[in-house]
Amino acid sequence: NKVQLFWHGICLSFAIGRMGLAFGWPGIVTCSFTALAFVLMAADWVGPDITFTVLLAFLTAFDGKIITVSKAAAGYGNTGLLTVIFLYLVAEGITQTGGLELIMNYVLGRSRSVHWALVRSMFPVMFLSAFLNNTPCVTFMIPILISWARRCGVPPKKLLIPLSYAAVLGGTCTSIGTSTNLVIVGLQDTRYTKLKKYADAKFKIFDIAPYGVPYALWGFIFIVATQRFLLPGNSSRYAKDLLLALRVLPTAAIAKKKLKDTGLLHQIGFSIAGIYRKSSFIAKPDPSFVLDPDDILYAAGELDVVEFVAEEFGLTLITQEQEGSQGQLMVPENGGSLSGGSPYRKLMQVEISENSDLVGRVVGQVQWQGRFGMVPIAIQRGNGREDGRLSDVVLAVKDVLILDTTPTFNEEQQDFRNNFAKLRYVKDGAAKEFIIGVKVRKRSDVVDKTVSAAGLRGIPGLYVLSVDRADGTSVEASDYLYKIQPDDTIWIAADVAAIGFLSKFPGLELVQQEQVDKTSTS
């Protein structure tokens with residue numbers, strides 16, 4: 001945008017030189033200083049509000065030969081401009097009260113499919129933009145969509161660009177939808193009133209709807225149909241189609257339920273390749289299979305998606321070393337927590353090199369910690385293998401592994417460099433370095449909901465640790481059946497971005513909010 005503004009200014013300057021004789025010195029002065037204003041704004045030297053105010057004042061200084069003071073001031077009284085200003089106030093009021101966020105969270109729901117996420121986000125924005133000015137509409141929708149994207153595991157890039165287009169498309173449906181429409185309405189009113197054509201002077205709010213609505217729908221269909229190819233954020237940080245092991249927690253709501261009744265079979269980007277129980281692996285289990293506590297589910301999908309589903313349904317990610325520990329929950333040696341905190345330290349993705357001595361060996365026979373200071377978390381499926389336990393996988397050339405690091409790991413170690421290639425750090429479980437408490441308000445929507453149903457599980461950078469009840473007792477994060485009550489305090493491990501998300505979560509307030517308010521700072 002800055003480059004475009006700069007070149008507009010340069011081109012305008014050349015045009016002025018060629019047209020100078022056509023409209024005299026007032027036109028030359030006006031166009032020259034307007035071009036200079038474009039350059040100043042493009043360089044970010046002066047803000048547009050100050051730039052144009054000074055420019056307007058300067059142009060009135062020529063004894064009315066360019067523009068008179070009365071005509072300059074008349075622009076501030078344009079009904080279109082005043083409507084835009086008042087709509088900013090309306091938008092800010094809606095944002096501050098939090099009412100719109102509550103409504104939008106209900107309308108948006110939860111979806112990890114980018115396709116449905118776009119449908120759910122664009123339609124409300126298009127509707128709002130038809131009755132609110134585009135700029136404030138986009139302004140107050142950005143934090144709502146970012147928070148929603150974090151909760152649902154959808155890349156924000158996929159939503160923020162269509163947000164802008166949705167606002168523009170919705171604005172074409174009514175006469176108050178965009179500032180451009182409002183200015184035209186004001187100009188038409190002034191012009192036709194002077195000509196005494198009163199029937200044509202007024203623009204009704206839906207006069208342009210027969211043209212704007214089909215245009216908006218066509219734009220919506222185009223964006224949804226082409227987002228896969230045109231929008232950024234398609235590439236994943238991790239290998240796709242990974243095989244990961246998940247243990248059913250004893251307190252999980254899905255324990256003692258048939259697989260078809262748990263909801264796991266309907267999760268997008270997540271599939272169950274097998275179940276391990278009592279030293280027996282069951283491939284492609286029947287939907288009527290009843291899950292028991294401590295069953296190990298082998299899930300296929302991307303790491304982010306599998307983690308999201310695990311948090312939602314009371315499953316915990318386990319390492320290859322923990323596969324044989326059925327019946328007991330082990331705490332990893334790296335200090336992670338299997339019931340609330342991150343179960344890993346720092347994840348990396350590697351590929352088995354051609355000269356590796358691991359080729360042809362079974363994963364369970366390798367001394368991962370002693371030799372490399374690593375623990376396998378996931379292995380990419382395929383390479384002609386049937387799905388099975390992580391420990392039973394026979395390694396092959398170019399196998400992609402997700403590994404957790406331990407304090408003894410050293411990527412400069414020669415043995416590591418000889419066996420692995422294409423090292424990428426993909427996730428830092430230790431990044432959740434802050435502990436934050438949030439208190440449940442009495443009329444909060446999260447009351448009488450489990451932590452998962454309240455939307456506090458499966459959020460990147462955020463892990464629920466425990467809940468302190470109003471009567472002084474505590475509930476562990478592994479209790480997936482506990483329903484939140486008023487005045488409960490939920491303790492959460494989070495990174496900086498997640499803390500910002502929590503501070504705007506409807507129905508929750510920071511435990512330290514009273515002290516924060518005393519600082520009088522934003």
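Residues numbered from 1 in each chain as written. Predicted model: local features only at pLDDT ≥ 70, side-chain atom pairs only at ≥ 80, totals over all residues. Heavy atoms only, no water.

Identification of the protein chain as RCK C-terminal domain-containing protein from Volvox reticuliferus is taken from an unreviewed UniProt entry. UniProt, in the comment section headed Subcellular location (unreviewed entry), describes the protein chain in these words: "Membrane". (UniProt positions renumbered as here; feature names shortened; annotations may be inferred.)

Colleague: Describe the overall build of the protein chain, naming the residues involved and giving the relevant values.
Modeller: Secondary structure assignment for the protein chain yields 17 helices and 14 strands. Classification of the 522 residues of the protein chain by burial places 45% in the buried group. Here the analysis covers contacts within the protein chain between residues at least 6 apart in sequence; of these, 75% occur between residues at least 24 apart. (Helix = DSSP H or I, 4+ residues; strand = E, 2+ residues; numbered from the N terminus. Buried < 20%, exposed > 50% of the residue type's maximum accessible area, 1.4 Å probe, protein only. Contact = heavy atoms within 4.5 Å.)

Colleague: Give a detailed account of the UniProt feature "transmembrane region" (unreviewed entry) in the protein chain, specifying residues and quantitative values.
Modeller: The residues that UniProt annotates with the feature "transmembrane region" (unreviewed entry) are residues 23–43, 81–104, 125–146, 166–187 and 208–230. The distance from the first to the last C-alpha atom of residues 166–187 is 26 Å, and the span holds 68% helix and 0% strand.

Colleague: Explain helix 2 (residues 48–59) residue by residue, including any values.
Modeller: For helix 2, which comprises 12 residues, the first-to-last C-alpha distance of 16 Å matches the rise-based estimate of 16 Å (1.5 Å per residue) to within 8%. Listed in full, the buried residues belonging to helix 2 are Thr51, Leu55 and Leu59. Buried residues along helix 2 cover an arc of 55° about the axis, so they all sit on one side. Those residues of helix 2 that are exposed and angled more than 90 degrees off the buried face are Asp49 and Val54. (Expected span 1.5 Å × (residues − 1). Arc of directions from axis to C-beta.)

Colleague: So, the nonpolar core: which residues are in play, and what are the values?
Modeller: Nonpolar side chains tend to gather and get buried jointly when the protein is soluble and globular. One finds Leu244, Leu246, Ile254, Leu264, Phe270 and Leu291 to be the most contacted residues of the largest nonpolar core, which totals 31 residues. Among the secondary structure elements, those contributing two or more residues to this core are strand 1 (242–248), strand 2 (270–277), strand 4 (296–301), helix 13 (303–313), strand 5 (315–318) and strand 7 (374–380). The greatest single-element share of this core, amounting to six residues, is contributed by helix 13. Other than its neighbours up to four places away in sequence, leucine 264 contacts Ile254, Leu259, Phe270, Ile272, Leu291, Leu297, Val309, Phe313 and Leu315. Judged by nonpolar contacts, the second largest core, of 29 residues, contains Val114, Ala117, Ala166 and Cys173. (Core = buried A, V, L, I, M, F, W, Y, C linked by side-chain atoms within 4.5 Å.)

Colleague: Could you give an account of the packing of helix 6 (residues 114–129) against helix 11 (residues 209–230), naming the residues involved and the relevant values?
Modeller: Interaxial distance between helix 6 and helix 11 falls to 10 Å at its minimum, and their mutual angle equals 155°. Between helix 6 and helix 11, the angle falls in the class roughly antiparallel. The crossing of helix 6 and helix 11 is right-handed. On helix 11, the residues touching Val114, His115, Leu118, Val119, Met122, Phe123 and Met126 of helix 6 are Ala216, Leu217, Phe220, Ile223, Val224 and Gln227. For the contact of helix 6 with helix 11, the class distribution of residues is 11 nonpolar, two polar and no charged. (Axes fitted to C-alpha atoms, helices over the stretch in contact; angles between N-to-C directions. Parallel < 35°, antiparallel > 145°, perpendicular 65-115°, else oblique. Left-handed = near helix turned anticlockwise from the far one by under 90°. Nonpolar A, V, L, I, M, F, W, Y, C, P; charged D, E, K, R; others polar.)

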